[in-house]
Amino acid sequence: MSRRGGGGRRPDSRRDQPTQAPAPSFQRGGGGAAGPRGRGRQGQRGGAGRGSHSGSGAAPSSPHTASTSTAPAPSSPSVSASASAPSSSSVSTLVEETEQKLTLAAPAAATLPPSSSQAMRFPVRPGFGTVGKKCVVRANHFMVQLAERDIHHYDSIYTAGPLPFESKEFIIKLPDSDPRPSSSTRPRRERQFRVVIRLASKPDLYTLQQFLLRRHFEAPYEVIQVLDVVLRAAPSEKHTVVGRSFFSTDLGPVGQLGDGVEYWRGYFQSLRPTQMGLSLNIDVSARSFYEPILVTEFVQYYCRDLSRPLSDQVRLKVKKALKGIKVVLTHMEYNKSYKITGISSEPMSRLMFTDDNATRLSVVQYFRQRYNIGLQFTSLPALVAGSEARPIYLPMEMARTNAYNEDTLVNKEFGIQVADGLTSVDARILPAPMLKYHETGREASVNPGFGQWNMINKKMFNGGRVEVWTCVNFSTRLNRDVPFQFCQGLVDMCNSKGMVFNPRPVIPISSSNPNQIEKALVDVHNRTAQQGKQLQMLIIILPDVSGSYGRIKRVCETELGIVSQCCQPRQASRLNMQYFENVALKINVKVGGRNTVLVDAVQKRIPLVTDRPTIIFGADVTHPQPGEDSSPSIAAVVASMDWPEVTKYRGLVSAQAHHEEIIQDLYKSTQDPQRGLVHGGMIRELLIAFRRSTNFKPHRIIFYRDGVSEGQFSQVLLHEMNAIRQACASLEEGYAPPVTFVVVQKRHHTRLFPADHNRRDLTDRSGNILPGTVVDTHICHPTEFDFYLNSHAGIQGTSRPTHYHVLYDENRFTADGLQVLTNNLCYTYARCTRSVSIVPPAYYAHLAAFRARYYIEDETSAGGSTGGSRSTAERSLAIRPLPVIKDNVKDRGALFGQYCYFGSSFRLEINGRN
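Residues numbered from 1 in each chain as written. Predicted model: local features only at pLDDT ≥ 70, side-chain atom pairs only at ≥ 80, totals over all residues. Heavy atoms only, no water.

As recorded in an unreviewed UniProt entry, the chain goes by Protein argonaute 5 and comes from Citrus sinensis.

Written as structure tokens, this is what we have:
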């Protein structure tokens, strides 16, 4: 095999009254216990006995033993700013109530009987949207029709009728395909297998039909899985399977990516229950694969001379590239494959181990004695397979990366018919919102067309002020006058758009050696400090060679406390007015300004947002690249800091265990010997920041959660809703604002196409569906509250709509209310004059988490251990702390064009301190 390629609670009618500065903060309160994890599905698995054989053909390791939808709730109680601190028990009570509502209470509008009293239930769709221009689009979903079949599930197999027995044992004898080379003259041994076929269950198609007719609440995933397995059986035999996708050199031309990597074409396939019935979602795909070459040939892409030991830098690159690949040994008479877990730090000539006879020898000696093979590239490290406790060493020159070369079962046996054409789906095109700019501009408002607009004749809604600034150039190819011309043009653009930007730099604009970036940045910082001033903005023209951006941001934001704006030298040299405009937008929000706001927000006409103080959260977790198993996952949470405009955001990030999807630091409590119970966490800190910024405490919470797959819905909702409840309760007794929890999914395979590409009123310039196209019928969930929204204009290729799925809704949004709000927010993204494809709070959270990774991973980081998997405890201990952001950077929008702060308290908790 080849390696996968890379890569309804009613809110109180009263609201807080504004108070005089200083803005009051919430009082500290008691803590609570963490909520339970979501319940996973249980399935039955059958097994079969298997014979074993000896003789691996690899250098063995030392003989060490491995160590081993929500019910309506009573109105929220009014909360006084002088409320007494709640007790720990009161917080626990709120958490228990939240758990009970999440797991047991039936949705207010639901009449659907649950099949399990403990089934997780998400909000029922409150109706279908009506706002917008009606149209029809086509979706890559294919209708599936089922005939009546008596499906049986036996251990390891499914049948379209009963077998003549319920349980039977078979003894299967097969000739051994893996004889030792030394025993090739002896007759082949037979390997004996004991196979048991036993009836496990009888999946009932009736329950699926009742679910699709909305007469049954819980989805019968076992039945859907059976049908999905049947539909995947034939392509699985013909193509290479990667996840839910199939790839083959027969499905299209192979493309070369270089360095021993090529890409194959394929397709994704998934069976889904929808409003129109069962649907087969099919999407085109492509993935990279390694060429079928010897590993030594692959290493030559990184190092030409294999007679010398690899440098540390090359060895780390090779290790990262090879980790996870399955290779086949070529020196034996049979195919034996291994999965690579790393490479050795020592060359094979010095790599020693103890064999089964307790003899100490090198890998080179082992292969000479055991197989009479003299290894040629003895200065190369060995490939490592197996575990850390019992590694297996493989010579690179002996290992090769692998290559791969009407359905009767579906149609006749199981009675499944799949429609030939794309599905036509009813859709609507939501109107673009009116955007507000400053009254002094010639155009004080704009109604965007086709998801984009410009700044011509407009001035920023709130222009920022920059008095102390300078520029440093790291490009060696620019003419010496270009940095000065570029800065002059940029300053003029900022001033013309409503900012107050001092035309004179605090110290002269300079050019520096790109190989001495840190020294140059420190020098600029010191020269400014000598004048008794603090830089408000440092404009940086990047080096000509990529790879320095992360280092520049880390030094500026964690070591020197400098807010910076990086510019590409190629763009800077053009002195283009459009580029000046785009950079000016970014600079303005970085120094505390606002580019534009929604007219409906200023006039308080956004339902369930502007009538009462509302905070909008965005959250995301980013994970390290494959092979980086020593790097932590990074969680980011951002929240709006202005009301009713909801355009400024502040953020927090936190490192957590490797590939942990649930955000661990939403709420934290620790017991301090002196202070007692101490509360913390990202939600709590952002609620306090909102209170200080607006003089209001939030009366509503809207939480957009990015990056959650369907299989994690229940678990994420239970844990993170509990954390939100605990954070609120820790601030004031009884404080429990209603929450709407929405999952944002971009990594799905549904695509929407215009029904008629020739109609210009239904397509944008790229031939895609128009911005604002929303679908909540046909291909959406049969009963739950979800919708697809294409909020952006396509640039290249096929636009991918974003899928929004409501998991919790105490605010009782209507379909139109949530769809219009989400679409309108997509026009408030601060960094460009275009609507974006994902709601900005979730977008900002993604950017914040991505930026934080720059602070803990340098350009040559390979991560990864030498082999084997580690326990959860070991991974937790290996979490690298995030560096503290300097205070002046915290209070500016240095990270994602808005406020962002990396809370040091969370990192101290990771290290066991508060």
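A. Region of interest: the overall build of the chain. Along the backbone of the chain there are 20 helices and 41 strands. Here the chain holds 914 residues, and 55% of them are scored as buried. When the accessible surface of the chain is split by element, carbon and sulfur atoms take 47% of a total near 40,100 Å². (Helix = DSSP H or I, 4+ residues; strand = E, 2+ residues; numbered from the N terminus. Buried < 20%, exposed > 50% of the residue type's maximum accessible area, 1.4 Å probe, protein only. Areas by Shrake-Rupley, 256 points an atom, 1.4 Å probe, with all protein chains shown as cover.)

B. Looking closely at the layout of surface pockets. In this model, the second largest pocket occupies a volume close to 550 Å³. As for the second largest pocket, its lining consists of 21 residues, of which Tyr549, Gln565, Cys566, Lys586 and Arg831 are closest to the centre. Of all elements in the fold, only α10 (549-560), β29 (564-567), α11 (569-574), α12 (577-590) and α17 (840-854) reach the threshold of two or more residues within the lining of the second largest pocket. In terms of residue count, the dominant contributor to the lining of the second largest pocket is α12 (five residues). Counted by class, the lining of the second largest pocket contains eleven nonpolar, four polar and six charged residues. (1 Å grid on protein atoms, 1.4 Å probe; cavity = no way out; pocket = protein on both sides within 12 Å on 5 of 7 lines; lining within 4 Å. Points joined across faces, edges and corners; volume = space filled by probe spheres on them. Nonpolar A, V, L, I, M, F, W, Y, C, P; charged D, E, K, R; others polar.)

C. Region of interest: the sheet that holds strand β22 (residues 435-436). Here we have three strands laid out as an open sheet, ordered β23-β22-β30, and antiparallel in their pairing. Of all strands in the sheet, those bounded by a partner on one side alone are β23 (445-446) and β30 (597-598). (Pairing = 2+ DSSP bridges.)

D. Quick look at the sheet that holds strand β18 (residues 391-394). Here we have three strands laid out as an open sheet, ordered β14-β17-β18, and antiparallel in their pairing. Two strands in the sheet have a free side with no partner beyond their single neighbour: β14 (342-347) and β18. With direction set aside, neighbouring strand axes in the sheet form an average angle of 40 degrees. Strand direction decides the pairing type here: β14 and strand β17 (residues 381-386), joined by three bridges, are antiparallel. Paired with proline 347 across the bridge in β17 is proline 381. On top of the sheet, helix α5 (residues 312-322) reaches β14 and β17; it is set at about 150 degrees to β14, its chief contact. (Axes fitted to C-alpha atoms, helices over the stretch in contact; angles between N-to-C directions. Contact = heavy atoms within 4.5 Å.)

E. Structural detail: α5. Taken as a whole, α5 has its buried residues at Val314, Arg315, Val318, Lys319, Ala321 and Leu322. All buried residues of α5 project into a common sector of 165 degrees when viewed along the axis, lining one side. Looking one or two places after α5, you find glycine 324, whose phi comes out positive at around 95 degrees. (Arc of directions from axis to C-beta.)

F. Representation of empty space enclosed by the protein in the model. As a volume, the largest cavity reaches approximately 110 Å³. Lining the largest cavity are 15 residues, and of these Asn595, Thr596, Thr828, Tyr829 and Ala830 sit closest to its centre. Taken together, the residues that form the lining of the largest cavity break down as seven nonpolar, seven polar and one charged. Considered as a void within the structure, the second largest cavity measures approximately 50 Å³ in volume. Lining the second largest cavity, in full, are Cys135, Val136, Val137, Ile429, Pro754, Leu762, Ile769, Leu770 and Thr773. A total of three residues in the lining of the second largest cavity trace back to one element, the largest contributor, which is strand β1 (residues 133-139). Class assignment for the residues of the lining of the second largest cavity results in eight nonpolar, one polar and no charged.

G. Looking closely at the confidence of the model for the chain. Counting all residues, the mean pLDDT for the chain is 81, and 79% of those residues have values of 70 or more. Every residue in residues 893-914 scores below 50 in pLDDT, and together they form 86 contacts with partners more than four places removed in sequence or on other chains. (pLDDT = per-residue confidence, 0-100.)

H. View of unusual backbone geometry. The step from tryptophan 643 to proline 644 runs through a cis peptide bond, and the omega angle for that step is 15 degrees. Mapped onto the fold, proline 644 is located in the loop between β32 (633-640) and β33 (649-656). The phi torsion at leucine 575 lies on the positive side, around 55 degrees, for a residue other than glycine. With respect to the helices and strands, leucine 575 occurs in the loop between α11 and α12. Here the phi dihedral of lysine 604 falls at roughly 55 degrees; this positive angle occurs in a residue that is not glycine. Following the sequence through the fold, lysine 604 ends up in the loop between α13 (599-602) and β31 (614-622). For lysine 604, a relative accessible area of 41% puts it in the partly exposed group.

I. Structural detail: the pattern of salt bridges. With the rule as written, the count across this model stands at 27 salt bridges. For arginine 198, the salt bridge is made with aspartate 155, and the minimal N-O distance between the two is 3.2 Å. Taken together, the positions of arginine 198 in strand β6 (residues 190-201) and aspartate 155 in the loop between β3 (152-154) and β4 (157-159) put the pair 43 residues apart, joining distant regions of the chain. For arginine 198, a relative accessible area of 40% gives the class partly exposed. Of the residues examined, aspartate 155 reaches a relative accessible area of 8% and is grouped as buried. Residue arginine 527 pairs with aspartate 523 through a salt bridge whose shortest N-O separation is 3.9 Å. Residue arginine 527 and its partner aspartate 523 are located together in helix α9 (residues 517-530), separated by four residues, close to a single helical turn. For arginine 527, a relative accessible area of 29% translates into the label partly exposed. For aspartate 523, a relative accessible area of 36% puts it in the partly exposed group. Several salt bridges share partner residues, and in doing so they unite Lys133, Arg759 and Asp761 into one network. (Salt bridge = Lys/Arg side-chain N within 4 Å of Asp/Glu carboxyl O.)

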